[in-house]
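Fold and contact review
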Amino acid sequence: MASFVTEVLASSGKLEKEDLSSKISKMSRKVEDTKDKVCDMMNKRYSDFLPSLQSSETLMGHVDEVSKEMEGLKNCIENEVFSCFNIVVAVPVSQFHNAMEEFNKALLEKKYVDAANLLEKARLSVDSLKSSQLPLLSALSSELTVQRENLVYHLGDEWRRLIVDQCCVVVSGQVLLKNMLKPLVMYPSLSTTVIEQQEEGIVLALQCLEETHKERSTPAQVYSKLLLVLYTLHSHLLDICIGDKKLSMILGELIWEDISQCIIHECLLYSIPTNSSQLEKYSTVIKETEEFEKSLKEMEYLQGDSTDLLKYARDVNCHFASKKCRDVIVAARTLMTSKMHNTVKITPDSRLCLPKLPASGLDKKKENCKEEVTMENSKQLSAWSLCLPACRISESVQQLMELALSTLCEAVGSSTQWENLLRFPHLAAIQHNNCMYLAHYLLTLGHHFRAHLPEPLCEGVATFVDMVPGFRKLGAQCFLAQLNVQRAELLERLSTAHKFCNLDDGENYIAASKAVRQVIHQLKQLGTVWQEVLPVTIYCKAMGNLLNTAIAEIISKIMMLEDISSEDGEHLHTLCQTITEEGPLVFTPLAEENKNEKYQEEVSLYVKKWSMFKELVIVLRANLQEIVDRWADAKGPLAMEFTSSEVKSLIRALFQNTERRAVALTKIK
């Protein structure tokens, strides 16, 4: 007979193909049949045995016969038990064998999570055999331990490989940034050469061109040089994954901030135009920057939307203004501090070269006046009027005047730079605060230092008080312009409400409801933007002014309605009630919620028509008697907000022409 393990393993393949439960039932029935057969045989042999007790020979024959039958039955029972035992043991062993085969396959494919799950499946198969106390159990447990250690080894090896690769990328990125990318940005004489070598692969080399007189590379040149390097690396080295990230993505995260700042300070800063006439051409640089970032995104060096690099290029107007102011101030300071003894001669016929300026509105008005009125003047001014006498002046003063003249000429062709302040309410608020801050300290700054300044400054020349109104006016104008923009947006939103008429129509009500929600949303957004930026008093006045604009428009539209059905009145009441509930919540000048309750309770102080609006909300749902009671012979709260003609108009719109309405109208006077 073959060994027990051999038989178990040999039969395992067949057992998987049979139904296990039916097999066990079949074996159980065979055991029961065998047991019954033995009992019947024993009884029969005992009955046959009694009559023949006198004969010893017959007795011995029967004993031999019974022994043989018993031996056969014993072998039959052992075989049946052995078959059932095979079923119980072979299935877990087969499952263990299959799990280990799948485990080895997953390990080769580096599917470590799958491998761990299969190892756990194999462990459960071994645990199910522990009650059998078989010699095979020890071998299976040992195999399980060996494969578990094998998995741990592979995981450790993979971890070390990832750490080494990450470290290599970090080190290589810093070396690449320092020794190749930054020099390509900073030095226009450097370029990159790609050399293909059969044995060593691709070589990137820096090449110094012939001496160039250019101090800086243009943005297009910088982008071209950088893309050549990054594209070559991506094609031959970085287009592979480590974990869930590509090497190009990891490198981009490491170097992008540094290289973008280098491009800004070493290239884009010097590409900003020095003259307003060159601003229009700068759109080319913006386009080149967009294409540069697009290429980096395609190679996965860069993630997300526009970056600081592109934002800097697009904000050229602000950079140009800052650069122009800085250049003019530096030039003026240099001229004013230069030596005075270098002089030039001025003669009566010396003239500044004034440019021919386009006609302004004032000039056109004067031209029209000349056409209508002819003034006779027999006395003409001398040709030498307004001419300086011959003398010598410092050359630096003449250059200073020429600088002022050229700056003014450039300012004539410039557009009003209110775009950002009008577009962003946060910037408008900060500009307002900046101007008020400067005006505040200019009031006392000169007085504080005047007694300690040398003559003639100590005599009141440098008090700065004359500059205070200018700064205050500038701050106020800026913020008022922003309020006008916001006011126009509110009115634009309310214009989509179909004049708040025929709200029993579903589409009209949806449009009106949407308009009201948008107004509330806009005011809440502004309240958040200006929170703790504006002074509390300015904040509340500004928010109150805007909310007042919205409710004044709603009141105006409702008062124009000639017929308001009961359903329309209910819809109007609902919309207006939304504003009375949520309107105060837009007053959040402080970050602490509990401190804003005071300002939310004082809405009527900042919103001029708040009380009128609340009275209108009451009237929209009131009956005739309630309206008359609130009028109270022109002494009630309704009379404080509306005229008698306005109240009568509302009554006529809300109620049908009945005798009760006529009586009510006679009481409104």
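Quantities reported herein were computed from a predicted structural model and do not represent experimental measurements.

What follows deals with the packing of helix H6 (residues 219–238) against helix H7 (residues 247–271). Close contact between H6 and H7 brings their axes to 11 Å; oriented N to C, the two are set at 170 degrees. Here H7 runs roughly antiparallel to H6, going by the angle between their axes. Counting all contacts with H6, which are made through Pro-219, Val-222, Tyr-223, Leu-226, His-234, Leu-237 and Leu-238, the residues of H7 involved are Leu-247, Ser-248, Leu-251, Ile-259, Ile-263, Cys-267, Leu-268 and Ser-271. Across the contact of H6 with H7, the residue classes tally to 12 nonpolar, three polar and no charged.

Taken as a whole and assessed by the stated rule, the structure comprises one cavity of 30 Å³ or more. A volume near 80 Å³ is recorded for the largest cavity. Around the largest cavity, the lining residues are Leu-181, Leu-226, Leu-230, Gly-252, Ile-255, Trp-256, Ile-259, Phe-292, Leu-296 and Tyr-301. In terms of residues, the lining of the largest cavity owes the most to one element, H7, which gives four residues.

Looking now at the layout of surface pockets. The volume enclosed by the second largest pocket comes to roughly 330 Å³. Lining the second largest pocket are 14 residues, and of these Ile-346, Leu-352, Leu-388, Ile-393 and Gln-398 lie nearest its centre. Of the residues belonging to the lining of the second largest pocket, the class tally is nine nonpolar, three polar and two charged.

Turning to a nonpolar patch on the surface, a few remarks are in order. A contiguous nonpolar patch, built from Leu-445, Phe-449, Phe-464 and Met-467 and spanning about 340 Å² of accessible area, is present on the exposed surface. Inspection of the secondary structure assignment puts Phe-464 in the loop between helix H14 (425–450) and helix H15 (468–494). Judged by its relative accessible area of 32%, Phe-464 falls in the partly exposed class.

Glancing now at unusual backbone geometry. In the Ramachandran plot, Lys-110 falls in the positive-phi region, its phi being about 60 degrees despite a non-glycine side chain. One can find Lys-110 in the loop between helix H3 (56–108) and helix H4 (112–127).

Taking every second residue as pointing to the same face, the buried face of strand E5 (residues 343–346) carries Val-344 and Ile-346, while none of Thr-343 and Lys-345 on the other face is buried. Here E5 runs beside strand E6 (residues 391–394); their pairing, made up of four bridges, is antiparallel. Of the residues in E6, the one forming a bridge with Thr-343 is Ser-394.

All buried positions along helix H24 (residues 644–654) are accounted for by Val-647, Leu-650, Ile-651, Ala-653 and Leu-654. Along the axis of H24, the buried positions cluster into a sector of 165 degrees, meaning they face one direction only.

Tracing the sequence through the fold places Lys-514 in helix H16 (residues 506–529). As a C-alpha pair, Lys-514 and Leu-575 span 61 residues in sequence and 9.9 Å in three-dimensional space.

Cut-offs applied
Residues numbered from 1 in each chain as written. Predicted model: local features only at pLDDT ≥ 70, side-chain atom pairs only at ≥ 80, totals over all residues. Heavy atoms only, no water. Axes fitted to C-alpha atoms, helices over the stretch in contact; angles between N-to-C directions. Helix = DSSP H or I, 4+ residues; strand = E, 2+ residues; numbered from the N terminus. Parallel < 35°, antiparallel > 145°, perpendicular 65-115°, else oblique. Contact = heavy atoms within 4.5 Å. Nonpolar A, V, L, I, M, F, W, Y, C, P; charged D, E, K, R; others polar. 1 Å grid on protein atoms, 1.4 Å probe; cavity = no way out; pocket = protein on both sides within 12 Å on 5 of 7 lines; lining within 4 Å. Points joined across faces, edges and corners; volume = space filled by probe spheres on them. Patch = residues over 30% accessible without salt bridge, like charges linked within 9 Å, V, L, I, M, F, W, Y side chains within 5 Å. Areas by Shrake-Rupley, 256 points an atom, 1.4 Å probe, with all protein chains shown as cover. Salt bridge = Lys/Arg side-chain N within 4 Å of Asp/Glu carboxyl O. Buried < 20%, exposed > 50% of the residue type's maximum accessible area, 1.4 Å probe, protein only. Pairing = 2+ DSSP bridges. Arc of directions from axis to C-beta.

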